[in-house]
Amino acid sequence: MAQTKLQSRSSVDRFSSINLKPVQDDAWSSIFKPPLNETVEEKRERIARQQEAQRISREIDEGILESKKLFDKKKKAIKVLLLGQAESGKSTMLRNFQLAFCPTYFHGEALIWKTIIQLNLIGSVKKLLSIVEDELETSGPRSRSPTGSTSSLSDHHRRTRMRLLPLLSMETNLVRQLLPEHYDPSRTPEICVRAGSGWKTVLEKVTLERRLPPTGQRRPMTNDGRSKDDPTLVLAASKDDIISLWEDKSVREVLKRRGVRLEDSPGFFLTDTARIATVDYEPTEADIVRARLRTFGVEEHRFLQDNGSEWYIYDVGGSRSMRPQWVPYFDDVQAIIFLAPLSFNQVLEEDRQVNRLEDSIYLWKEVCSNPLLARANIILFLNKMDILQKTLAAGIKVATYVPSYGSTPNDVENVTKYFKEKFRAYHKRLSPRPRTFFCHETSAIDTKATQAVLAGVRDGILRHHLEELNVI
C-alpha cells in the first residue's frame, strides 16, 4: 500500500515538473477583459457594452431563425407565375383572382383604382384630342386631308379641344408622380408604375387627403377638401365636352378613315363617361378589373386561402426589356398561367415589325422548353376572346396575317381551334417531360366567367401541389 502511494506521488511530481505555458486568451476575452485599476464608472460602462453586444447578438440569431422559418414556410407555399407579353391581360387576371378569393383586399383598394380609372379615361381623351388636333392642322376646316377625303372638323371642334386641355396637364402631373424617374410622356404614353415603388401610397394621398383634418395639411386643397391632384372635379366639369366629342359624327368619321379603334385599347372608358365623370363616382368591380396600369418589374402578391393554403402570385412585366427578369422566379414554381391573346392583326408596341400573336407563340415555345420549368404545370389562357369576336365580325381575315391559315372558315370557333392546336403541338414537342396540356378561353373583363375558370384552375394547381408533397 505504501509502495502504491509512493508511486502515485512520484507521478504527480513528474507531471508538476513539466514546464506548462499559460493558455492565451481568445479575442473576445481580451476585448471584455477588465483593465487594470478599473474604476466603478468604467466597470459599469464595460458591463453595459457587454450587455448591448449580447442583445445585438441575440437579435441577429433570432432574425436568422425567423428568416429560416419564413423561407421554409414559403418553400411549402404554392407559387404561380403570370406570364405573357405586355398588354396580354396579366394584371387584369390578377385582379380577377383577388376578387374571387380575396374580396376584402380587392374592395379595400377601390379608391386607388378609382384614380387609375379616371386617368384611363383622360388618357383616351388625350388620344382623341391628338387625332383632332392633327386633323385640324393637316386638313383645316372643310379642306381636303392628305388621303384625299374632305375633313368636316370645324372651329367648334377646335374650341372643344381647348376646353379639354386642362385635363391633360392634370394627367401629366399625376403620371409624373407615379413614375418620377426618367419620366418622358413621349416614351411612356400610358400610365406606368414601377413594382415596389410605393405608387399606391401616392394615389392614397390623392384620394384620401380630403379626410384629413384642416390642420397640418401638407398639400394644396380645393374648397371641398380635395387634393389639387384629384381629377374628380375637373372631369365632372368636362363631362359634357367629352361626351360631345366622342359621339360627334365628324370625329367618328375621322377615326374610321384613319383606322383608329380606341374601343379596342385596354383601359377604355369613353363610353362610360356619363357615369365616371361625376363628383360621386364609385368604381364597380367590373371597372376595377378593366382598368389599365402598366407595371415595370415584378410584383409579388400573397394570398391566404380559406382552406389554409398560402399562395404567392408573381405578376411580371411582359415587354421585351423586362423578360430577362423572369428567370429568377422560375425556381420551385408550381404553375404558370400563360396569357396569349389571339391578336393576329396587331403588332408589339416596342417593335412595330413583330406580330403580337407570333411573339406570344415564340414566348410559349421558350417557356415550354425551359428545363427549370419541367415540373411546373403550364396553363394556357387564350385571352381577350371578346376582342377576337369583334375583330372577326369586322371582316378582318386571319389568312391576311397568317398565310398558313389558308381557306379555313373565318369564324371564332375555327380560328380558336387552329391556334389552340398550334400551342398544343409546341407544348407536347418541347416539354422536357410529359405533362398535361391545359387550355382555357377567357375574356378577363368578364369577371363571372373568368372567376369560374380560375376556381377550377386553383383546385387543379392545389391538387398537383399536394401530389408533389405526397399528401394525396
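Scope of this entry: the structure provided in the associated data block. (Residues numbered from 1 in each chain as written. Predicted model: local features only at pLDDT ≥ 70, side-chain atom pairs only at ≥ 80, totals over all residues. Heavy atoms only, no water.)

**Looking at the overall build of the chain**
Applicable threshold: We count a stretch as a helix when DSSP gives it H or I for four or more residues in a row; a strand needs E for two or more, and each element gets its number in order from the N terminus. Burial classification: accessible surface area is computed with a 1.4 Å probe over protein chains only, and a residue below 20% of its type maximum counts as buried, one above 50% as exposed, and the rest as partly exposed. Residue contacts are counted whenever heavy atoms from the two residues lie within 4.5 Å of one another. Accessibility throughout is a Shrake-Rupley quantity obtained with a 1.4 Å probe, and a residue counts as covered only by protein chains that appear here.
Each helix and strand counted, the chain has 17 helices and eight strands in total. Here the chain, with 472 residues, has 44% of them falling under the buried criterion. By sequence separation, contacts in the chain at least 24 residues apart represent 71% of the contacts at least 6 residues apart. Counting only carbon and sulfur atoms, one obtains 53% of the accessible surface of the chain, whose full area is about 26,100 Å².

**With respect to the pairing of strand β5 (residues 310-316)**
What counts is decided by this rule: The criterion for strand pairing is that DSSP finds at least two bridges linking the strands in question.
Across the seven residues of β5, seven count as buried, placing the element largely inside the fold. Alternating positions in β5 separate into two faces, Glu 310, Tyr 312, Tyr 314 and Val 316 on one and Trp 311, Ile 313 and Asp 315 on the other, with burial throughout. The pairing of strand β1 (residues 78-83) with β5 spans five bridges and is classified as parallel. Bridge pairing links Leu 82 to Asp 315 in β5. When strand β4 (residues 298-304) meets β5, the two strands line up antiparallel, connected through seven bridges. Of the residues in β5, the one forming a bridge with Val 298 is Val 316.

**Description of the packing of helix α6 (residues 110-139) against helix α7 (residues 155-178)**
Rules: For every element, the axis is a line fit to its C-alpha atoms; helices are fit only across the contacting stretch, and the angle between N-to-C directions ranges from 0 to 180 degrees. Roughly parallel covers angles under 35 degrees, roughly antiparallel covers those over 145, roughly perpendicular covers 65 to 115, and oblique covers all other angles. Definitions for this section: a left-handed crossing has its near helix turned counterclockwise from the far helix by less than a right angle. A right-handed crossing has that turn clockwise. Polar here means any residue other than Ala, Val, Leu, Ile, Met, Phe, Trp, Tyr, Cys and Pro, which are nonpolar, and Asp, Glu, Lys and Arg, which are charged; Gly is therefore polar.
α7 packs onto α6 with a crossing angle of 135 degrees between their chain directions and a minimal axis gap of 9 Å. One finds that α6 runs oblique with respect to α7. By crossing handedness, the relation of α6 to α7 is classed as left-handed. Contacts between α6 and α7 involve Thr 115, Leu 119, Ile 122, Gly 123, Val 125, Lys 126, Leu 129, Val 132, Glu 133 and Leu 136 from the first element and His 157, Arg 158, Arg 161, Leu 164, Leu 167, Leu 168, Glu 171, Leu 174 and Leu 178 from the second. Residue composition of the contact of α6 with α7, by class: 11 nonpolar, three polar and five charged.

**Description of the environment of Asn 120**
Looking at the secondary structure, you find Asn 120 in helix α6. Assessed through its relative accessible area of 7%, Asn 120 is described here as buried. Residues Asn 120 and Pro 266 lie 146 residues apart in sequence; the distance between their C-alpha atoms is 8.7 Å.

**Structural notes on helix α9 (residues 232-247)**
Using the following cut-off: Residue count minus one, scaled by 1.5 Å, sets the expected span of a helix. In this analysis the local bend is the angle between axes fitted, respectively, to the seven residues ending at and the seven residues starting at the residue.
In this model, α9 (16 residues) spans 22 Å end to end at C-alpha, consistent with the 22 Å of a helix rising 1.5 Å per residue. A maximum bend of about 55 degrees is found in α9 at Ser 238. Along α9, the residues that are buried comprise Thr 232, Leu 235, Ser 238, Asp 241, Ile 242, Leu 245 and Trp 246. The elements touched by buried residues of α9 are α6, α7, α10 (249-257) and α11 (273-276).

**Some points on the packing of α7 against α9**
It is the contact of α7 with α9, at a shortest axis distance of 10 Å, that shows an interaxial angle of 140 degrees. Relative to α9, α7 is oriented so that their crossing is left-handed. Between α7, through His 156, His 157, Thr 160, Arg 163, Leu 164, Leu 167 and Met 170, and α9, the contact on the second element is made entirely by Val 234, Leu 235, Ser 238, Asp 241, Ile 242, Ser 244 and Leu 245. Among the residues making up the contact of α7 with α9, the classes are represented as seven nonpolar, five polar and two charged.

**Digging into a nonpolar patch on the surface**
Put simply, the rule reads: Within the patch definition used here, like charges are joined within 9 Å and nonpolar side chains (Val, Leu, Ile, Met, Phe, Trp, Tyr) within 5 Å, considering only residues with over 30% relative accessible area and no salt bridge. Salt bridge, as used here: a side-chain nitrogen of Lys or Arg that lies within 4 Å of a carboxyl oxygen of Asp or Glu.
Together, Ile 56, Ile 60 and Ile 64 make up a nonpolar patch on the protein surface, roughly 280 Å² of accessible area in all. Among the structural elements, Ile 60 can be located in helix α3 (residues 40-76).

**Focus on the packing of aromatic side chains**
When we look at a pair of aromatic rings, we describe it by the centre distance and by the angle of the planes. Spelled out, the test is: Each Phe, Tyr or Trp ring, with Trp reduced to its six-membered ring, pairs with another whose centre is within 6.5 Å; inter-plane angles below 30 degrees give stacked pairs, above 60 give edge-to-face pairs, and intermediate values give tilted ones.
Inspection of the entire model under this criterion finds 11 aromatic pairs. Look at Phe 97 and Phe 303: their rings are 5.3 Å apart centre to centre, the planes differ by 55 degrees, and that puts the pair in the tilted class. Here Phe 97 is found in helix α4 (residues 90-101), whereas its partner Phe 303 is found in strand β4, with 206 residues between them in sequence. In this structure, Phe 97 and Phe 303 share a single accessibility class: buried. Where Trp 364 meets Phe 423, the ring centres are 5.6 Å apart and the plane angle is 80 degrees; that geometry is what we call edge-to-face.

**Points about the environment of Ala 110**
In this fold, Ala 110 is placed in helix α6. Residue classification places Ala 110 among the buried positions, given a relative accessible area of 19%. A C-alpha to C-alpha distance of 6.8 Å links Ala 110 and Pro 283, two positions 173 residues apart in sequence. In this structure Ala 110 touches Pro 283 and Ile 288, once residues within four positions along its chain are discounted.

These results come straight from atomic positions and should not be treated as a statement about function.
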